[in-house]
Amino acid sequence: MWNERSTFYKFITIELWFMKLVIYMFIIATLFFTGCTMKEEVVEVPKEEKIVTPVKPSTENMKAVSFSEIEGFYKDDLNHALDVFKKDCKASKRNELFKDVCQKAEFETDGKKFFTLYFQPYKLLDENASDEGLITGYYEPLLYGSLKKTSRYKYPLYKTPKDMYIVDFTSIYPDLKTYKLRGKLVGNKVLPYDSRQEIESNPSKELEPIVYVDNKVDVFLLHVQGSGKVLLDNGDLINVGYAEQNGRKFKGIGMYMLNKGYITKDELSAQGMKKYLDKNPSKADEVLNQNESYVFFQKSNQGATGSLGSPLTAKRNIAVDRSVIPLGMPVFLNTTNPIDKKPINQLMVAADVGGAIKGKIRADFFWGFGDNAFEYAGRMKEKGKMYVLMPKK
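Cut-offs and rules
- Residues numbered from 1 in each chain as written.
- Predicted model: local features only at pLDDT ≥ 70, side-chain atom pairs only at ≥ 80, totals over all residues.
- Heavy atoms only, no water.
- Helix = DSSP H or I, 4+ residues; strand = E, 2+ residues; numbered from the N terminus.
- Areas by Shrake-Rupley, 256 points an atom, 1.4 Å probe, with all protein chains shown as cover.
- Buried < 20%, exposed > 50% of the residue type's maximum accessible area, 1.4 Å probe, protein only.
- Polar contact = N/O pair within 3.5 Å; in protein donor to acceptor, adjacent residues only side chain to side chain.
- Contact = heavy atoms within 4.5 Å.
- Pairing = 2+ DSSP bridges.
- Axes fitted to C-alpha atoms, helices over the stretch in contact; angles between N-to-C directions.
- Salt bridge = Lys/Arg side-chain N within 4 Å of Asp/Glu carboxyl O.

> Would you mind going over the overall build of the protein chain with me for this structure?
Helix and strand counts for the protein chain stand at 10 helices and 17 strands. As presented, the protein chain carries roughly 18,600 Å² of accessible surface, and 51% of it is formed by carbon and sulfur atoms.

> What is the right way to look at the side chain of R362 in this model?
Residue position: R362 is located in strand β16 (residues 362-369). R362 gets classed as buried once you look at its relative accessible area, which sits at 2%. Here L134 takes part through its backbone oxygen, which lies 3.4 Å from a polar atom of the side chain of R362.

> Help me understand helix α8 (residues 270-279) in this model?
Side chains that are three or four residues apart share a direction in an α-helix, a result of its 3.6 residues per turn. α8 sits mainly inside the fold: 7 of its 10 residues count as buried. Among all positions in α8, only A270, Q271, G272, M273, K274, Y276 and L277 are buried. Considering only its buried residues, α8 is in contact with α6 (216-225), α7 (254-259), α9 (284-288) and α10 (370-377).

> For this particular structure, what's the right way to read the sheet that holds strand β12 (residues 295-300)?
Two pairing modes exist for strands in a sheet, parallel and antiparallel, and in both the strands are linked by backbone hydrogen bonds. If you trace the 6 strands from one edge of the open sheet to the other, you get β5-β9-β4-β10-β11-β12, paired in mixed fashion. Both edges of this open sheet fall to β5 (155-158) and β12, since each of them pairs with a single strand only. Within this sheet the neighbouring strands show an average axis-to-axis angle of 45°, counted without direction. Pairing between strand β11 (residues 237-245) and β12: 6 bridges, direction antiparallel. Paired with Q245 across the two strands is V295, which belongs to β12. Here α6 sits on the sheet in contact with β4 (142-146), β5, β9 (209-213), β10 (227-232), β11 and β12, set at roughly 20° to β5.

> I would appreciate a short explanation of the pattern of salt bridges in the present structure.
When their charged atoms lie close together, side chains carrying opposite charge are able to pair. This structure, assessed with the given rule, holds 18 salt bridges. Note that E208 and K159 form a salt bridge whose closest N and O atoms lie 3.1 Å from each other. Of the two residues, E208 sits in the loop between α5 (196-201) and β9 while K159 sits in the loop between β5 and β6 (165-167), which places them 49 residues apart along the sequence. Overall, K159 belongs to the partly exposed group, its relative accessible area being 34%. A salt bridge links K216 to E200; the shortest N-O distance between them is 3.4 Å.

> Just checking my understanding: could you explain the sheet that holds β6 for this structure?
The strand order across the open sheet formed by 3 strands is β6-β7-β8, and the pairing between neighbours is antiparallel. Each edge of the open sheet carries a strand with a single partner, namely β6 and β8 (189-192). Recorded for the sheet is a direction-independent mean angle of 55° between the axes of neighbouring strands. Pairing of β6 with strand β7 (residues 181-186) involves 3 bridges; the strand directions are antiparallel. Of the residues in β7, the one forming a bridge with I166 is R182.

The following block contains the structure:
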């Protein structure tokens, strides 16, 4: 896969009985407007905002194994994996689960020794005791743009709108930490914030563009990836990253395009969808508006950054379901290259999340920056096994 989030909180002091009613209504509304769904294609949904992870994950649906049982473990470049783990420790050490082992990592240079001495591997299993799940890919795209709107550069990347409210009761009700309501005030009512179609057809005056780019489909893919770079017409290169989302539910466009006959099963990839839409721009709005979700951005001083808060390392970081795997966790991955079908057996670090990355055995493989990374990420929809390396007590 998404880091300082631009938020605006509104709290109203009311009677306790009414508060309970409001909380209940917000939960229902949030589940309706921001619920996540498994994607129907290989592209990924925007990265989520930071939420404090649990100190220690449950070992339910996990099976303790030895390192020798993990295919390819001792053949991997474990020293490189250690370097990535150290990089991510700058953020993950705030979690008590990783505090001690991150301190130990500072003085280690031997990856094999470090991981085998201080961690216990567990194979992930799903509810049916299967050890195989879905591994997809994502990347950091390059777009072309201008700070001024022109006949070529006319598709905006917006900042978080000033009229969008984010209601968060975490400080009062910690159990609601994964639920947030995004909406707008209309009179004395909080209504869902505008959909993709509403934003693009009739943008609010409260929407401020960061930059304008030259390809509508590329904007959509940027929304899906969560961060990217924009090469400006003056030669400057800027980074843009996820800031917020409109609260609408993500819906994949792949199956819609397939059912409409716009693409074939063989073309059901990010590349296939982009190729069709670039050749048939009159269909772009019809197709893209099937997904009501809309992402807002912010300028960043660094490239692709995961929800953990650290810069992502190509081919060594993954996005995961944080309810299963805390961010910062080393995860050994057995999967295959989507193009040449050769095995990928290597130690990754969970550093990002995604709305469609849900489930016990589910990961999104970060391929890096640019067109070459897109070739792999856009086609990746592979089976895989995952082993979490749990720090020993």
